[in-house]
Amino acid sequence: MREWGSGGAGEGAGRVTVATGEAGDPDWVKGLETSMGGIPVRFWVDGVFRYRAEQRRSADGLRSRLRAVWGRLLGEAAGEVQRGGGRVVVWAHNLGLGRNFPMAQTLMAACDGMGIPLVAHHHDWWFDQRWRRWPEIRASGFGTLGAAAGAVFPGSPWVRHAAINRADASILRRHAGVRSGWLPNLVEPGDGPSRAAVGRARAWLDEAVGERAPVWLLPCRLLRRKNVAEAWLLTRWLRPEAWLVTTGGPSSADERPYWARLEAASKAGGWRVRLGVLSARGNGHPSIPELLGASEAVLLTSLQEGFGLPYVEGTAAGRPLVARSLPNVAPDLRRFGFRFPHGYREILIDPELFDADSERVRQKRLFEAWRRRLPASCRGWAEVPALVTGEAEGGAVAFSRLTLTAQLEVLARPAEVSWEAAVRWNPFLEEWRRRAGKGRLAVGGWPETAGRWLGGRSYARRFWRLAKGRVREGKEEATGAALQGEFIRERLSREYLYPLLWDLDS
(Lines give C-alpha, C1' and ligand atoms only; values in the text may rest on other atoms or scores of the structure.)
Protein backbone atom coordinates (compact mmCIF):
# COMPACT_ATOMS: atom_id res chain seq x y z
CA MET A 1 0.00 0.00 0.00
CA ARG A 2 1.35 3.41 -0.87
CA GLU A 3 0.26 6.83 0.31
CA TRP A 4 1.15 9.39 -2.35
CA GLY A 5 1.77 13.06 -1.75
CA SER A 6 0.11 15.67 -3.93
CA GLY A 7 2.80 15.28 -6.59
CA GLY A 8 1.71 11.74 -7.52
CA ALA A 9 3.94 8.81 -8.36
CA GLY A 10 7.63 9.46 -7.83
CA GLU A 11 7.06 13.02 -6.60
CA GLY A 12 6.15 13.89 -3.05
CA ALA A 13 5.56 10.29 -2.11
CA GLY A 14 4.53 9.89 1.51
CA ARG A 15 4.93 6.37 2.85
CA VAL A 16 4.82 2.70 1.94
CA THR A 17 3.08 0.22 4.23
CA VAL A 18 3.87 -3.46 3.77
CA ALA A 19 1.12 -5.72 5.17
CA THR A 20 2.29 -9.30 5.62
CA GLY A 21 1.47 -12.44 7.56
CA GLU A 22 4.91 -12.87 9.08
CA ALA A 23 8.01 -10.79 9.75
CA GLY A 24 10.42 -10.66 6.84
CA ASP A 25 14.03 -11.77 6.83
CA PRO A 26 16.08 -8.91 8.38
CA ASP A 27 18.43 -8.71 5.38
CA TRP A 28 15.45 -8.50 3.00
CA VAL A 29 13.82 -5.81 5.11
CA LYS A 30 17.04 -3.79 5.21
CA GLY A 31 17.44 -4.14 1.44
CA LEU A 32 13.88 -2.96 0.83
CA GLU A 33 14.29 0.07 3.07
CA THR A 34 17.57 0.98 1.38
CA SER A 35 16.04 0.65 -2.08
CA MET A 36 13.20 3.07 -1.26
CA GLY A 37 15.49 6.09 -1.51
CA GLY A 38 14.41 7.73 1.73
CA ILE A 39 10.68 6.99 1.47
CA PRO A 40 9.54 5.72 4.88
CA VAL A 41 8.50 2.06 5.05
CA ARG A 42 6.43 0.55 7.83
CA PHE A 43 5.48 -3.09 8.32
CA TRP A 44 2.08 -4.30 9.47
CA VAL A 45 2.44 -7.93 10.49
CA ASP A 46 -0.74 -9.87 11.25
CA GLY A 47 -1.44 -13.60 11.11
CA VAL A 48 -4.76 -13.02 9.31
CA PHE A 49 -2.77 -12.44 6.12
CA ARG A 50 -1.28 -15.95 6.22
CA TYR A 51 -2.58 -18.85 4.12
CA ARG A 52 -6.05 -19.99 5.15
CA ALA A 53 -4.77 -23.52 5.86
CA GLU A 54 -2.34 -22.11 8.43
CA GLN A 55 -5.07 -20.46 10.53
CA ARG A 56 -7.45 -21.83 13.14
CA ARG A 57 -10.18 -19.19 12.95
CA SER A 58 -13.52 -20.08 11.43
CA ALA A 59 -14.27 -18.57 8.04
CA ASP A 60 -16.72 -16.09 9.60
CA GLY A 61 -14.29 -15.24 12.38
CA LEU A 62 -11.52 -14.63 9.85
CA ARG A 63 -13.72 -12.33 7.78
CA SER A 64 -14.71 -10.35 10.85
CA ARG A 65 -11.10 -9.92 11.90
CA LEU A 66 -10.04 -8.96 8.38
CA ARG A 67 -12.73 -6.31 8.06
CA ALA A 68 -11.51 -4.76 11.30
CA VAL A 69 -7.90 -4.82 10.10
CA TRP A 70 -8.73 -3.25 6.74
CA GLY A 71 -10.87 -0.61 8.42
CA ARG A 72 -8.01 0.43 10.65
CA LEU A 73 -5.16 0.06 8.14
CA LEU A 74 -6.86 1.71 5.18
CA GLY A 75 -8.71 4.18 7.35
CA GLU A 76 -5.49 5.46 8.90
CA ALA A 77 -3.85 5.83 5.51
CA ALA A 78 -6.85 7.60 4.01
CA GLY A 79 -6.98 9.99 6.96
CA GLU A 80 -3.32 10.89 6.68
CA VAL A 81 -3.57 11.46 2.94
CA GLN A 82 -6.72 13.53 3.30
CA ARG A 83 -4.93 15.84 5.69
CA GLY A 84 -1.88 16.18 3.44
CA GLY A 85 -3.36 15.78 -0.05
CA GLY A 86 -2.69 12.98 -2.51
CA ARG A 87 -4.18 9.51 -2.58
CA VAL A 88 -3.91 5.95 -1.31
CA VAL A 89 -3.16 3.07 -3.69
CA VAL A 90 -3.10 -0.62 -2.76
CA TRP A 91 -0.89 -3.13 -4.58
CA ALA A 92 -1.93 -6.71 -3.74
CA HIS A 93 0.41 -9.58 -4.52
CA ASN A 94 -1.07 -12.71 -6.07
CA LEU A 95 -4.61 -12.76 -4.71
CA GLY A 96 -5.53 -15.07 -7.59
CA LEU A 97 -3.51 -17.89 -6.02
CA GLY A 98 -6.45 -18.36 -3.68
CA ARG A 99 -4.61 -19.33 -0.50
CA ASN A 100 -6.74 -16.91 1.53
CA PHE A 101 -10.03 -16.19 -0.24
CA PRO A 102 -11.56 -14.31 2.71
CA MET A 103 -8.60 -11.92 2.67
CA ALA A 104 -8.97 -11.25 -1.05
CA GLN A 105 -12.72 -10.75 -0.77
CA THR A 106 -12.63 -8.41 2.23
CA LEU A 107 -9.71 -6.36 0.88
CA MET A 108 -11.44 -5.75 -2.43
CA ALA A 109 -14.68 -4.90 -0.67
CA ALA A 110 -12.91 -2.46 1.66
CA CYS A 111 -11.19 -0.67 -1.23
CA ASP A 112 -14.48 -0.52 -3.12
CA GLY A 113 -16.28 0.93 -0.10
CA MET A 114 -13.61 3.58 0.53
CA GLY A 115 -12.98 4.42 -3.13
CA ILE A 116 -9.34 3.31 -2.98
CA PRO A 117 -7.73 1.96 -6.18
CA LEU A 118 -6.44 -1.59 -5.79
CA VAL A 119 -4.08 -3.20 -8.29
CA ALA A 120 -4.36 -6.99 -8.00
CA HIS A 121 -1.08 -8.26 -9.44
CA HIS A 122 -1.69 -11.89 -10.44
CA HIS A 123 1.30 -14.24 -10.73
CA ASP A 124 -0.50 -17.59 -10.38
CA TRP A 125 -4.10 -18.83 -10.36
CA TRP A 126 -5.86 -21.14 -7.93
CA PHE A 127 -7.44 -23.03 -10.86
CA ASP A 128 -4.13 -23.60 -12.65
CA GLN A 129 -3.66 -27.32 -11.82
CA ARG A 130 -4.23 -26.65 -8.12
CA TRP A 131 -7.60 -28.38 -7.78
CA ARG A 132 -6.62 -30.12 -4.56
CA ARG A 133 -7.34 -26.78 -2.90
CA TRP A 134 -10.97 -26.76 -3.99
CA PRO A 135 -12.23 -28.35 -0.72
CA GLU A 136 -10.29 -25.72 1.27
CA ILE A 137 -11.84 -22.95 -0.84
CA ARG A 138 -15.33 -24.36 -0.32
CA ALA A 139 -14.72 -24.64 3.43
CA SER A 140 -13.82 -20.93 3.43
CA GLY A 141 -17.37 -20.12 2.35
CA PHE A 142 -16.94 -20.14 -1.45
CA GLY A 143 -18.96 -23.20 -2.37
CA THR A 144 -19.37 -22.57 -6.09
CA LEU A 145 -17.21 -21.44 -8.97
CA GLY A 146 -19.32 -18.31 -9.16
CA ALA A 147 -18.56 -17.46 -5.53
CA ALA A 148 -14.84 -18.00 -6.15
CA ALA A 149 -14.99 -15.76 -9.22
CA GLY A 150 -16.65 -13.03 -7.19
CA ALA A 151 -13.80 -13.09 -4.68
CA VAL A 152 -11.00 -12.88 -7.25
CA PHE A 153 -12.71 -10.90 -10.03
CA PRO A 154 -15.31 -8.61 -8.39
CA GLY A 155 -17.20 -6.12 -10.49
CA SER A 156 -15.85 -3.15 -8.52
CA PRO A 157 -14.61 -0.29 -10.70
CA TRP A 158 -11.93 0.37 -8.05
CA VAL A 159 -10.24 -3.01 -8.56
CA ARG A 160 -7.75 -3.33 -11.42
CA HIS A 161 -6.13 -6.59 -12.53
CA ALA A 162 -2.59 -7.03 -13.82
CA ALA A 163 -0.99 -10.22 -15.14
CA ILE A 164 2.73 -10.88 -15.45
CA ASN A 165 2.50 -12.40 -18.93
CA ARG A 166 0.67 -11.24 -22.05
CA ALA A 167 -1.22 -14.51 -22.49
CA ASP A 168 -3.08 -13.99 -19.22
CA ALA A 169 -3.30 -10.24 -19.74
CA SER A 170 -5.12 -10.74 -23.04
CA ILE A 171 -7.84 -12.77 -21.30
CA LEU A 172 -8.15 -10.13 -18.58
CA ARG A 173 -8.42 -7.45 -21.24
CA ARG A 174 -11.32 -9.15 -23.01
CA HIS A 175 -13.40 -9.07 -19.84
CA ALA A 176 -12.04 -6.28 -17.62
CA GLY A 177 -11.22 -3.77 -20.36
CA VAL A 178 -9.37 -0.69 -19.15
CA ARG A 179 -9.28 -2.08 -15.62
CA SER A 180 -6.65 -4.61 -16.65
CA GLY A 181 -3.04 -4.51 -17.72
CA TRP A 182 0.21 -6.32 -18.35
CA LEU A 183 2.74 -5.80 -15.57
CA PRO A 184 5.77 -8.09 -15.99
CA ASN A 185 8.09 -8.52 -13.03
CA LEU A 186 10.57 -5.77 -12.31
CA VAL A 187 14.06 -7.06 -13.13
CA GLU A 188 17.26 -5.08 -13.46
CA PRO A 189 20.63 -6.83 -13.81
CA GLY A 190 22.55 -4.52 -11.49
CA ASP A 191 26.25 -5.03 -10.78
CA GLY A 192 25.90 -8.62 -9.53
CA PRO A 193 27.96 -10.23 -6.78
CA SER A 194 31.68 -9.54 -6.48
CA ARG A 195 34.27 -11.96 -7.80
CA ALA A 196 35.24 -12.72 -4.21
CA ALA A 197 31.64 -13.54 -3.27
CA VAL A 198 31.31 -15.86 -6.26
CA GLY A 199 34.57 -17.54 -5.28
CA ARG A 200 33.26 -18.14 -1.76
CA ALA A 201 30.04 -19.55 -3.23
CA ARG A 202 32.08 -21.89 -5.42
CA ALA A 203 33.98 -23.16 -2.37
CA TRP A 204 30.68 -23.60 -0.52
CA LEU A 205 29.30 -25.67 -3.41
CA ASP A 206 32.44 -27.82 -3.43
CA GLU A 207 31.81 -28.60 0.22
CA ALA A 208 28.12 -29.25 -0.43
CA VAL A 209 28.78 -31.85 -3.15
CA GLY A 210 31.95 -33.22 -1.58
CA GLU A 211 34.36 -32.54 -4.43
CA ARG A 212 35.54 -30.00 -6.96
CA ALA A 213 33.28 -30.62 -9.97
CA PRO A 214 31.02 -28.72 -12.39
CA VAL A 215 27.68 -27.69 -10.89
CA TRP A 216 24.48 -27.25 -12.88
CA LEU A 217 22.03 -25.24 -10.82
CA LEU A 218 18.25 -25.55 -10.75
CA PRO A 219 17.20 -22.48 -8.69
CA CYS A 220 13.82 -23.52 -7.30
CA ARG A 221 11.88 -25.01 -4.43
CA LEU A 222 11.15 -28.73 -4.72
CA LEU A 223 7.70 -28.45 -6.28
CA ARG A 224 6.17 -30.99 -8.64
CA ARG A 225 5.65 -28.32 -11.26
CA LYS A 226 9.41 -27.68 -11.37
CA ASN A 227 9.81 -31.07 -13.11
CA VAL A 228 13.12 -31.74 -11.35
CA ALA A 229 13.67 -35.19 -12.88
CA GLU A 230 13.94 -33.63 -16.34
CA ALA A 231 16.73 -31.37 -15.11
CA TRP A 232 18.62 -34.41 -13.89
CA LEU A 233 18.04 -36.27 -17.16
CA LEU A 234 19.51 -33.37 -19.13
CA THR A 235 22.44 -32.96 -16.75
CA ARG A 236 23.49 -36.62 -16.93
CA TRP A 237 23.14 -36.65 -20.73
CA LEU A 238 24.90 -33.38 -21.48
CA ARG A 239 27.48 -33.15 -18.67
CA PRO A 240 27.82 -36.54 -16.91
CA GLU A 241 30.56 -35.33 -14.55
CA ALA A 242 28.43 -32.41 -13.28
CA TRP A 243 26.36 -32.27 -10.11
CA LEU A 244 22.75 -31.15 -10.31
CA VAL A 245 22.05 -28.86 -7.36
CA THR A 246 18.62 -27.46 -6.47
CA THR A 247 18.39 -24.54 -4.07
CA GLY A 248 15.14 -24.88 -2.09
CA GLY A 249 13.45 -27.75 -0.32
CA PRO A 250 9.74 -28.69 -0.33
CA SER A 251 7.60 -25.68 0.52
CA SER A 252 4.65 -27.57 2.03
CA ALA A 253 3.52 -30.97 3.29
CA ASP A 254 1.87 -31.56 -0.11
CA GLU A 255 5.26 -31.48 -1.84
CA ARG A 256 7.07 -33.79 0.58
CA PRO A 257 6.09 -37.07 -1.18
CA TYR A 258 7.65 -35.71 -4.39
CA TRP A 259 10.84 -34.69 -2.59
CA ALA A 260 11.03 -38.03 -0.72
CA ARG A 261 10.83 -40.11 -3.91
CA LEU A 262 13.43 -38.00 -5.70
CA GLU A 263 15.73 -38.18 -2.69
CA ALA A 264 15.31 -41.96 -2.34
CA ALA A 265 15.91 -42.55 -6.06
CA SER A 266 19.03 -40.36 -6.12
CA LYS A 267 20.52 -42.18 -3.12
CA ALA A 268 19.66 -45.63 -4.48
CA GLY A 269 21.16 -44.81 -7.86
CA GLY A 270 24.17 -42.96 -6.53
CA TRP A 271 23.20 -39.93 -8.59
CA ARG A 272 25.29 -36.77 -8.56
CA VAL A 273 22.42 -34.73 -7.13
CA ARG A 274 22.02 -32.42 -4.13
CA LEU A 275 18.40 -31.46 -3.46
CA GLY A 276 17.45 -28.36 -1.46
CA VAL A 277 21.04 -27.40 -0.74
CA LEU A 278 20.15 -24.06 0.86
CA SER A 279 17.55 -25.48 3.22
CA ALA A 280 19.79 -28.41 4.15
CA ARG A 281 22.96 -26.52 5.04
CA GLY A 282 21.78 -24.01 7.64
CA ASN A 283 22.64 -20.32 7.93
CA GLY A 284 25.51 -18.47 6.34
CA HIS A 285 24.83 -19.78 2.87
CA PRO A 286 25.50 -17.84 -0.35
CA SER A 287 22.77 -15.83 -2.04
CA ILE A 288 21.02 -17.07 -5.19
CA PRO A 289 22.92 -14.58 -7.42
CA GLU A 290 26.20 -15.81 -5.91
CA LEU A 291 25.26 -19.44 -6.53
CA LEU A 292 24.25 -18.61 -10.10
CA GLY A 293 27.61 -16.97 -10.68
CA ALA A 294 29.44 -19.97 -9.22
CA SER A 295 27.62 -22.55 -11.36
CA GLU A 296 28.67 -23.78 -14.79
CA ALA A 297 25.11 -23.74 -16.14
CA VAL A 298 21.54 -22.97 -15.04
CA LEU A 299 18.46 -25.08 -15.77
CA LEU A 300 14.76 -24.30 -15.88
CA THR A 301 12.56 -27.35 -16.53
CA SER A 302 9.26 -26.10 -15.09
CA LEU A 303 5.93 -27.29 -16.41
CA GLN A 304 4.36 -23.91 -15.75
CA GLU A 305 5.52 -20.45 -14.73
CA GLY A 306 3.85 -17.08 -14.64
CA PHE A 307 6.97 -15.15 -15.59
CA GLY A 308 10.00 -17.42 -15.11
CA LEU A 309 12.57 -15.36 -13.22
CA PRO A 310 15.38 -17.94 -13.70
CA TYR A 311 15.33 -17.13 -17.44
CA VAL A 312 16.47 -13.58 -16.80
CA GLU A 313 18.38 -14.26 -13.57
CA GLY A 314 20.58 -16.82 -15.29
CA THR A 315 21.18 -14.42 -18.16
CA ALA A 316 21.99 -11.57 -15.77
CA ALA A 317 24.57 -13.84 -14.09
CA GLY A 318 26.22 -14.53 -17.45
CA ARG A 319 25.54 -18.27 -17.21
CA PRO A 320 24.43 -20.64 -20.00
CA LEU A 321 20.76 -21.52 -19.59
CA VAL A 322 19.17 -24.85 -20.57
CA ALA A 323 15.44 -24.26 -20.36
CA ARG A 324 12.01 -25.34 -21.52
CA SER A 325 10.34 -22.72 -23.71
CA LEU A 326 6.99 -22.32 -22.00
CA PRO A 327 4.27 -21.17 -24.42
CA ASN A 328 2.90 -18.44 -22.15
CA VAL A 329 6.35 -17.04 -21.27
CA ALA A 330 8.58 -17.48 -24.34
CA PRO A 331 6.78 -14.85 -26.51
CA ASP A 332 7.20 -12.22 -23.79
CA LEU A 333 10.90 -13.00 -23.40
CA ARG A 334 11.39 -12.65 -27.16
CA ARG A 335 9.62 -9.31 -27.04
CA PHE A 336 11.95 -8.16 -24.26
CA GLY A 337 14.84 -9.06 -26.56
CA PHE A 338 16.11 -12.24 -24.90
CA ARG A 339 17.45 -15.11 -26.99
CA PHE A 340 18.17 -18.50 -25.43
CA PRO A 341 20.52 -20.70 -27.50
CA HIS A 342 19.62 -23.77 -25.44
CA GLY A 343 15.87 -23.44 -25.21
CA TYR A 344 13.66 -26.39 -26.10
CA ARG A 345 9.95 -27.20 -26.17
CA GLU A 346 9.99 -30.84 -25.01
CA ILE A 347 12.37 -33.74 -24.49
CA LEU A 348 10.92 -36.75 -26.34
CA ILE A 349 11.37 -40.21 -24.83
CA ASP A 350 11.28 -43.57 -26.57
CA PRO A 351 8.58 -45.74 -24.93
CA GLU A 352 11.13 -48.55 -24.67
CA LEU A 353 12.74 -46.64 -21.79
CA PHE A 354 9.76 -47.14 -19.47
CA ASP A 355 6.91 -49.58 -18.99
CA ALA A 356 4.49 -47.96 -21.46
CA ASP A 357 1.55 -50.31 -20.79
CA SER A 358 1.72 -49.76 -17.02
CA GLU A 359 2.13 -46.03 -17.53
CA ARG A 360 -1.00 -45.85 -19.67
CA VAL A 361 -3.03 -47.68 -17.02
CA ARG A 362 -1.53 -45.51 -14.28
CA GLN A 363 -2.28 -42.28 -16.10
CA LYS A 364 -5.86 -43.31 -16.82
CA ARG A 365 -6.44 -44.05 -13.13
CA LEU A 366 -4.82 -40.83 -11.95
CA PHE A 367 -6.60 -38.73 -14.57
CA GLU A 368 -10.04 -40.06 -13.68
CA ALA A 369 -9.41 -39.50 -9.97
CA TRP A 370 -8.18 -35.98 -10.71
CA ARG A 371 -11.17 -35.19 -12.90
CA ARG A 372 -13.58 -36.35 -10.18
CA ARG A 373 -12.08 -33.71 -7.87
CA LEU A 374 -13.07 -30.92 -10.27
CA PRO A 375 -16.30 -29.04 -9.63
CA ALA A 376 -19.08 -30.88 -11.47
CA SER A 377 -19.83 -27.82 -13.62
CA CYS A 378 -16.43 -27.91 -15.34
CA ARG A 379 -15.54 -31.62 -15.46
CA GLY A 380 -16.70 -31.83 -19.05
CA TRP A 381 -14.17 -29.17 -20.05
CA ALA A 382 -11.19 -31.38 -19.15
CA GLU A 383 -9.60 -32.77 -22.31
CA VAL A 384 -8.23 -36.31 -22.16
CA PRO A 385 -4.42 -36.53 -22.61
CA ALA A 386 -3.10 -38.43 -25.63
CA LEU A 387 -1.39 -41.14 -23.60
CA VAL A 388 -4.64 -41.90 -21.78
CA THR A 389 -6.64 -42.17 -25.01
CA GLY A 390 -3.97 -44.30 -26.68
CA GLU A 391 -3.32 -41.73 -29.43
CA ALA A 392 0.36 -41.58 -28.48
CA GLU A 393 0.84 -45.35 -28.66
CA GLY A 394 4.02 -46.39 -30.45
CA GLY A 395 5.48 -42.90 -30.73
CA ALA A 396 7.80 -40.90 -28.55
CA VAL A 397 6.32 -39.30 -25.44
CA ALA A 398 7.39 -36.01 -23.89
CA PHE A 399 9.25 -36.64 -20.64
CA SER A 400 7.19 -33.84 -19.04
CA ARG A 401 3.98 -35.79 -19.79
CA LEU A 402 5.03 -38.84 -17.76
CA THR A 403 4.19 -39.63 -14.17
CA LEU A 404 7.04 -39.47 -11.67
CA THR A 405 7.06 -43.29 -11.63
CA ALA A 406 7.76 -43.46 -15.37
CA GLN A 407 10.27 -40.60 -15.18
CA LEU A 408 12.21 -42.50 -12.53
CA GLU A 409 12.08 -45.64 -14.69
CA VAL A 410 13.80 -43.67 -17.46
CA LEU A 411 16.39 -42.34 -15.03
CA ALA A 412 17.05 -45.85 -13.69
CA ARG A 413 18.39 -46.84 -17.12
CA PRO A 414 22.15 -46.36 -17.66
CA ALA A 415 22.72 -42.86 -19.01
CA GLU A 416 24.30 -44.05 -22.27
CA VAL A 417 21.40 -46.43 -22.92
CA SER A 418 18.77 -43.71 -22.50
CA TRP A 419 20.93 -41.29 -24.50
CA GLU A 420 21.20 -43.61 -27.50
CA ALA A 421 17.44 -44.19 -27.45
CA ALA A 422 16.60 -40.52 -27.07
CA VAL A 423 19.06 -38.69 -29.32
CA ARG A 424 17.25 -39.73 -32.51
CA TRP A 425 14.10 -38.06 -31.20
CA ASN A 426 16.00 -34.96 -29.99
CA PRO A 427 18.84 -34.42 -32.52
CA PHE A 428 19.56 -30.89 -31.23
CA LEU A 429 20.93 -32.43 -28.03
CA GLU A 430 23.96 -33.86 -29.87
CA GLU A 431 25.47 -30.44 -30.49
CA TRP A 432 24.59 -29.29 -26.97
CA ARG A 433 26.38 -32.32 -25.53
CA ARG A 434 29.49 -31.62 -27.59
CA ARG A 435 29.60 -28.01 -26.42
CA ALA A 436 28.80 -28.87 -22.79
CA GLY A 437 31.62 -31.42 -22.67
CA LYS A 438 34.07 -28.62 -23.48
CA GLY A 439 32.40 -26.19 -21.07
CA ARG A 440 31.30 -24.05 -24.01
CA LEU A 441 27.53 -23.84 -23.85
CA ALA A 442 26.42 -20.53 -25.33
CA VAL A 443 25.41 -17.62 -23.09
CA GLY A 444 22.54 -15.35 -24.06
CA GLY A 445 23.41 -11.71 -23.46
CA TRP A 446 21.33 -9.13 -21.63
CA PRO A 447 19.48 -7.20 -24.35
CA GLU A 448 19.48 -3.42 -24.35
CA THR A 449 15.74 -3.49 -25.06
CA ALA A 450 14.95 -5.31 -21.79
CA GLY A 451 15.15 -2.13 -19.74
CA ARG A 452 12.17 -0.53 -21.45
CA TRP A 453 10.04 -3.50 -20.40
CA LEU A 454 11.50 -4.72 -17.11
CA GLY A 455 13.30 -1.73 -15.60
CA GLY A 456 12.08 0.18 -12.58
CA ARG A 457 10.95 3.27 -14.50
CA SER A 458 8.95 1.18 -16.95
CA TYR A 459 7.36 -0.78 -14.11
CA ALA A 460 6.40 2.44 -12.33
CA ARG A 461 4.84 3.92 -15.45
CA ARG A 462 2.76 0.81 -16.15
CA PHE A 463 1.70 0.46 -12.55
CA TRP A 464 0.71 4.08 -12.15
CA ARG A 465 -1.14 4.18 -15.46
CA LEU A 466 -3.30 1.29 -14.25
CA ALA A 467 -3.69 2.55 -10.68
CA LYS A 468 -4.78 6.09 -11.54
CA GLY A 469 -7.03 5.14 -14.46
CA ARG A 470 -10.38 6.88 -14.50
CA VAL A 471 -13.13 4.95 -12.71
CA ARG A 472 -15.68 3.88 -15.32
CA GLU A 473 -18.88 2.10 -14.42
CA GLY A 474 -21.00 -0.16 -16.57
CA LYS A 475 -19.67 -2.17 -19.48
CA GLU A 476 -16.05 -1.83 -18.38
CA GLU A 477 -16.73 -3.88 -15.26
CA ALA A 478 -15.46 -7.43 -15.31
CA THR A 479 -17.94 -10.26 -15.47
CA GLY A 480 -16.14 -12.44 -12.95
CA ALA A 481 -17.75 -15.75 -13.86
CA ALA A 482 -17.12 -15.35 -17.59
CA LEU A 483 -13.54 -14.22 -17.01
CA GLN A 484 -12.74 -17.08 -14.67
CA GLY A 485 -14.56 -19.52 -16.98
CA GLU A 486 -12.36 -18.64 -19.93
CA PHE A 487 -9.25 -19.16 -17.83
CA ILE A 488 -10.48 -22.53 -16.55
CA ARG A 489 -11.42 -23.81 -20.01
CA GLU A 490 -7.93 -22.96 -21.24
CA ARG A 491 -6.23 -24.57 -18.22
CA LEU A 492 -8.22 -27.78 -18.71
CA SER A 493 -7.04 -28.22 -22.30
CA ARG A 494 -4.47 -30.90 -23.10
CA GLU A 495 -1.62 -28.43 -23.36
CA TYR A 496 -1.84 -27.63 -19.64
CA LEU A 497 -2.41 -31.14 -18.28
CA TYR A 498 0.59 -32.86 -16.70
CA PRO A 499 0.39 -36.16 -14.77
CA LEU A 500 2.91 -34.84 -12.23
CA LEU A 501 0.26 -32.37 -11.08
CA TRP A 502 -2.71 -34.75 -10.84
CA ASP A 503 -1.71 -36.34 -7.55
CA LEU A 504 0.69 -35.74 -4.69
CA ASP A 505 2.43 -39.03 -5.50
CA SER A 506 2.30 -40.14 -9.15
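Just above, that's the structure.
What you see is a predicted model, and the numbers here were worked out from it, not measured in a lab.

Peer 1: Explain the overall build of the protein to me, and be specific about the residues and the numbers.
Peer 2: A tally of helices and strands in the protein yields 21 helices and 15 strands. By the compact-globule yardstick of 23 Å for 506 residues, the protein fits well, its C-alpha radius of gyration being 24 Å. With respect to the three principal axes, the spread of C-alpha positions in the protein is 70 × 55 × 40 Å. Taking all 506 residues of the protein together, the buried fraction comes to 55%. Within the protein, contacts between residues at least 6 apart in sequence are counted, and of these 76% link residues at least 24 apart. Accessible area for the protein stands at about 21,700 Å²; split by element, carbon and sulfur atoms hold 50% of it. Positive and negative side-chain charges in the protein, numbering 74 and 55 respectively, have mean positions lying 4 Å apart.

Peer 1: Please give an account of empty space enclosed by the protein that cites residues and values.
Peer 2: Taken as a whole, this structure holds two cavities of 30 Å³ or more when the rule is applied. Each pocket or cavity is described by its volume, and for the largest cavity that value is around 180 Å³. As for the largest cavity, its lining consists of 20 residues, of which Asp128, Gln304, Glu305, Asn328 and Tyr496 are closest to the centre. Looking at the lining of the largest cavity, its residues break down into six nonpolar, five polar and nine charged. Quantified by volume, the second largest cavity comes out at close to 60 Å³. Around the second largest cavity, the lining residues are Val228, Ala229, Trp232, Leu262, Ser266, Trp271, Val273, Leu275 and Leu411. Of all the secondary structure elements, the ones that give two or more residues to the lining of the second largest cavity are α8 (228-238) and α9 (256-269). The element contributing the most residues to the lining of the second largest cavity is α8, with three residues. Among the residues forming the lining of the second largest cavity, the class breakdown is eight nonpolar, one polar and no charged.

Peer 1: Outline the environment of glycine 248, supporting the account with residue identities and numerical values.
Peer 2: Looking at where glycine 248 falls in the secondary structure, it is placed in the loop between β9 (243-246) and α9. Separated by 209 residues in sequence, glycine 248 and isoleucine 39 have C-alpha atoms that sit 32 Å apart. Among all residues touching glycine 248, those that are not within four sequence positions of it are Cys220, Arg221, Leu222, Gly276 and Ser279.

Peer 1: Give a detailed account of the sheet that holds strand β10 (residues 273-274), specifying residues and quantitative values.
Peer 2: Adjacent strands of a sheet form backbone hydrogen bonds with each other and so pair up, either parallel or antiparallel. One open sheet accounts for six strands, arranged β10-β9-β8-β11-β12-β13; its pairing is parallel. Pairing within the sheet leaves two strands with one partner each, and these edge strands are β10 and β13 (342-344). Here strand β8 (residues 215-218) runs beside strand β11 (residues 297-300); their pairing, made up of two bridges, is parallel. In the sheet register, tryptophan 216 faces β11, and the bridge partner there is alanine 297. In this fold helix α7 (residues 195-209) packs onto β8, β9 and β10, with an angle of close to 105° to the strand it touches most, β9. This element, α8, spans β8, β9, β10, β11, β12 (321-324) and β13 of the sheet and lies at about 155° to β9.

Peer 1: Let's hear about the pairing of β12: which residues, and what values?
Peer 2: Looking down a regular strand, the side chains alternate between one sheet face and the other. Burial along β12 is two-sided: the face carrying Leu321 and Ala323 and the face carrying Val322 and Arg324 are both buried. For the crossover that starts at β11, traverses helix α12 (residues 309-316) and ends in the parallel β12, the hand is right-handed. Handedness of the β12-helix α13 (residues 330-336)-β13 crossover: right-handed.

Peer 1: Which residues make up helix α21 (residues 480-491), and what values do they have?
Peer 2: The terminal C-alpha atoms of α21, which comprises twelve residues, lie 17 Å apart, in line with the 16 Å expected from a rise of 1.5 Å per residue. Residues Gly480, Leu483, Gln484, Gly485, Phe487, Ile488 and Arg491 constitute the buried set of α21. Structurally, α21 contributes buried residues whose contacts are with α5 (145-152) and α6 (166-176).

Rules behind the numbers
Residues numbered from 1 in each chain as written. Predicted model: local features only at pLDDT ≥ 70, side-chain atom pairs only at ≥ 80, totals over all residues. Heavy atoms only, no water. Helix = DSSP H or I, 4+ residues; strand = E, 2+ residues; numbered from the N terminus. Rg over C-alpha atoms; globule rule 2.2 N^0.38 Å. Buried < 20%, exposed > 50% of the residue type's maximum accessible area, 1.4 Å probe, protein only. Contact = heavy atoms within 4.5 Å. Areas by Shrake-Rupley, 256 points an atom, 1.4 Å probe, with all protein chains shown as cover. Lys, Arg positive; Asp, Glu negative; His and termini not counted. Charge placed at Lys NZ, Arg CZ, Asp CG, Glu CD. 1 Å grid on protein atoms, 1.4 Å probe; cavity = no way out; pocket = protein on both sides within 12 Å on 5 of 7 lines; lining within 4 Å. Points joined across faces, edges and corners; volume = space filled by probe spheres on them. Nonpolar A, V, L, I, M, F, W, Y, C, P; charged D, E, K, R; others polar. Pairing = 2+ DSSP bridges. Axes fitted to C-alpha atoms, helices over the stretch in contact; angles between N-to-C directions. Right-handed = clockwise from strand over helix to strand, strands pointing away. Expected span 1.5 Å × (residues − 1).

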